[in-house]
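Chain and residue survey
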Amino acid sequence: MQNTTHQHTKKASGVLLASLMLPGLAGLCALAPQSAAAENAPEKTTVSVDLGAYADGQPGWQRVKAYTPQVYVQAPIAAAWSVEGSWVGDTISGATPRMHTQSSSASRMHEERAAGDVKLTRYLARAAVSVSASYSDEHDYKSAGLGVDARWSSDDNNRTWSIGVASSSDRIDNTYSGVNTAINEHKHTHELAVGLTQVLTSSDIVQLNLTRSVGNGYYNDPYKLFDVRPDMRNASIMLARWNHYVTPLDASLRSSYRYYSDTFGVRSHTVGLDWVQPMGQWTFTPAARYYTQSAASFYLNPVLDAQGVYDTGATIASALAVNGATSFDQRLSAFGAVTLSLTLSYAFTPDTLCDLKLETYRQAASLRLGGGSPNLDSFHANFLQLGLTHRF
């Protein structure tokens, strides 16, 4: 069949797009190609190195900066196996709001995190089975995950089914005085995902993934005042993708829609469009995302005084008047967000690729369809990533 997405697959895994987005596999799946391929083991080893820089802020306040090196490796083993893994190290500095956008000198932070994934795949005739493990470590949060997934194709390789399960276990230890204290708290998450990828024509491929997540344990943010959340969070996720090859322009249009719903009361919709345009050794990929979500059922809005200034006392009083779950976390408010990005890739050779990604993100209550939570400052972030991939 014709190359439906007609793009450089910089971290090629040799398996179908139906590889599942599971907790223990999230890092690896993010690196997988978005194209259809036969279930064959890779013939070459792939090594990729990426360096990322992130900064966010709110009006009058530059909040967090992060620097992220990342390494990805995939290698064939014999003729029917492959192993792949990734490592990422984050260095984060800045401040975290105590309530909504309020901060103080006590909220300054400097964090370092190291995380890794490893995945082993066995290839069969028109099928593949993978097992994976992941681990993340920072001074106050540790997470470990395991996953298993399988995918198999029809005789003509035009249809692929997939199923996977994964579990993660997190430990939270926060001894920061003055806010909440969480010592040896735990959170556990289990997920089941099923997927279907279908080639419709020589220019079109579609995919549908359904995921059910069940979680229990400690969900509070120990760095925020009056943050008491339910000890259970279950979620349902639907993800649909359509890739269309535009023959006259030798380009591809990738579109996606994601729906999310959980027991916190959050409902969200995400729509994405990517345009992949090869031009000789260059590939240009502009992309746009729109996101909108409702507020969690226990989210509390900020309170302003008569002059429209944030009233800390009245806001705290609103929390004290609630008997049950409460949170001032702006991430649980009702808001909308727009992400714009541009990825430039240059192929020195068919096996050596360099890419640069620029991304900007803006979040505001006013961007939500139907209106968002009142009295919130907007939020913005910028991301820059430079990567080099080589196969041998």
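Residues numbered from 1 in each chain as written. Predicted model: local features only at pLDDT ≥ 70, side-chain atom pairs only at ≥ 80, totals over all residues. Heavy atoms only, no water.

This paragraph deals with the overall build of the protein. When you go through the protein residue by residue, the secondary structure sums to 2 helices and 16 strands. Of all 392 residues assigned to the protein, the portion counted as buried reaches 45%. Across the protein, every contact between residues at least 6 apart in sequence was considered, and the portion connecting residues at least 24 apart equals 60%. Carbon together with sulfur atoms contributes 61% to the accessible area of the protein, which is approximately 18,200 Å² in total. (Helix = DSSP H or I, 4+ residues; strand = E, 2+ residues; numbered from the N terminus. Buried < 20%, exposed > 50% of the residue type's maximum accessible area, 1.4 Å probe, protein only. Contact = heavy atoms within 4.5 Å. Areas by Shrake-Rupley, 256 points an atom, 1.4 Å probe, with all protein chains shown as cover.)

Relative to the helices and strands, Thr315 resides in helix H2 (residues 312-320). Taking the C-alpha atoms as reference, Thr315 lies 5.1 Å from Val303; in sequence the two are 12 residues apart. Apart from residues lying up to four places away in sequence, Thr315 is in contact with His100, Pro302, Val303, Tyr310 and Phe328.

Here we take up the pairing of strand E2 (residues 61-77). Note: strand E1 (residues 46-58) against E2, 13 bridges, orientation antiparallel. Bridging across to E2, Asp50 finds its partner in Gln70. Remark: 2 residues form the turn of the hairpin made by E1 and E2, two consecutive strands paired antiparallel; Gly60 in that turn has positive phi of roughly 75°. The pairing of E2 with strand E3 (residues 81-95) spans 12 bridges and is classified as antiparallel. Opposite Val71, over in E3, you have Trp87 as the bridge partner. Where E2 hands over to E3, the hairpin turn is made up of 3 residues, of which Ala78 adopts a positive phi near 55°. (Pairing = 2+ DSSP bridges.)

Before going further, it helps to spend a moment on the side chain of Asn220. Among the secondary structure elements, Asn220 is positioned in the loop between strand E9 (204-217) and strand E10 (232-246). In this structure Asn220 comes out as buried when scored by relative accessible area, which is 19%. Separated by 2.7 Å, the side chain of Asn220 and the backbone nitrogen of Arg229 make a polar contact. Other than its neighbours up to four places away in sequence, Asn220 contacts Asp227, Val228 and Arg229. (Polar contact = N/O pair within 3.5 Å; in protein donor to acceptor, adjacent residues only side chain to side chain.)

With respect to the helices and strands, Tyr67 occurs in strand E2. Residue classification places Tyr67 among the partly exposed positions, given a relative accessible area of 46%. As a C-alpha pair, Tyr67 and Ile92 span 25 residues in sequence and 6.7 Å in three-dimensional space. Ignoring anything within four residues of it in the chain, the contact list for Tyr67 reads Gly52, Ala53, Gly89, Asp90 and Thr91.

A word on the confidence of the model for the protein. Here the protein averages 87 in pLDDT, while 86% of its residues score no lower than 70. Contacts of residues 1-37 to residues separated by more than four positions or lying in other chains number 130 contacts, the stretch itself having pLDDT below 50. (pLDDT = per-residue confidence, 0-100.)

It is worth spelling out the packing of aromatic side chains at this point. Counted under the stated rule, the structure contains 9 aromatic pairs. Seen in terms of ring centroids, Tyr219 and Phe264 are 5.8 Å apart; in terms of plane orientation they differ by 75°. Their pairing is edge-to-face. Within this pair, whereas Tyr219 is found in the loop between E9 and E10, its partner Phe264 is found in the loop between strand E11 (251-262) and strand E12 (267-279), the two being separated by 45 residues in sequence. Both residues of the pair, Tyr219 and Phe264, belong to the buried class. (Phe/Tyr/Trp six-rings, centres within 6.5 Å; stacked < 30°, edge-to-face > 60°.)

Time to look at the pattern of salt bridges. Between side chains of opposite charge, a pair can form as their charged atoms come close. In total, this model carries 18 salt bridges according to the counting rule given. The partner of Asp221 in a salt bridge is Arg331, and the shortest N-O contact between them spans 3.2 Å. A residue pair is termed long-range when its members are at least 10 positions apart, and Asp221 in the loop between E9 and E10 and Arg331 in the loop between H2 and strand E14 (335-349) qualify at 110 residues. Here Asp274 makes a salt bridge to Arg289, at a shortest N to O gap of 2.6 Å. Placement of Asp274 in strand E12 and of Arg289 in strand E13 (residues 282-293) is noted, with a sequence separation of 15 residues between them. Owing to a relative accessible area of 9%, Asp274 belongs among the buried residues under this scheme. On the basis of relative accessibility, which here comes to 29%, the residue Arg289 falls in the partly exposed class. Connected via shared salt-bridge partners are Asp221, Lys224, Asp227, Arg229, Asp329 and Arg331. (Salt bridge = Lys/Arg side-chain N within 4 Å of Asp/Glu carboxyl O.)

The residue Asp90 is located in strand E3 in this model. At a separation of 2.9 Å, a polar atom in the side chain of Asp90 contacts the side chain of Thr68. A polar contact is formed between the side chain of Asp90 and the side chain of Arg113, at a distance of 2.3 Å. With residues near it in sequence (within four places) discarded, Asp90 still touches Tyr67, Thr68, Glu111, Glu112 and Arg113.

Looking now at the environment of Cys354. On the secondary structure map, Cys354 appears in strand E15 (residues 352-364). The exposure class of Cys354 is partly exposed, given its relative accessible area of 25%. On a C-alpha basis, the gap between Cys354 and Leu386 in space is 7.7 Å, while along the polypeptide they are 32 residues apart. In this structure Cys354 touches Leu344, Ser345, Tyr346, Phe348, Leu386, Gly387 and Leu388, once residues within four positions along its chain are discounted.

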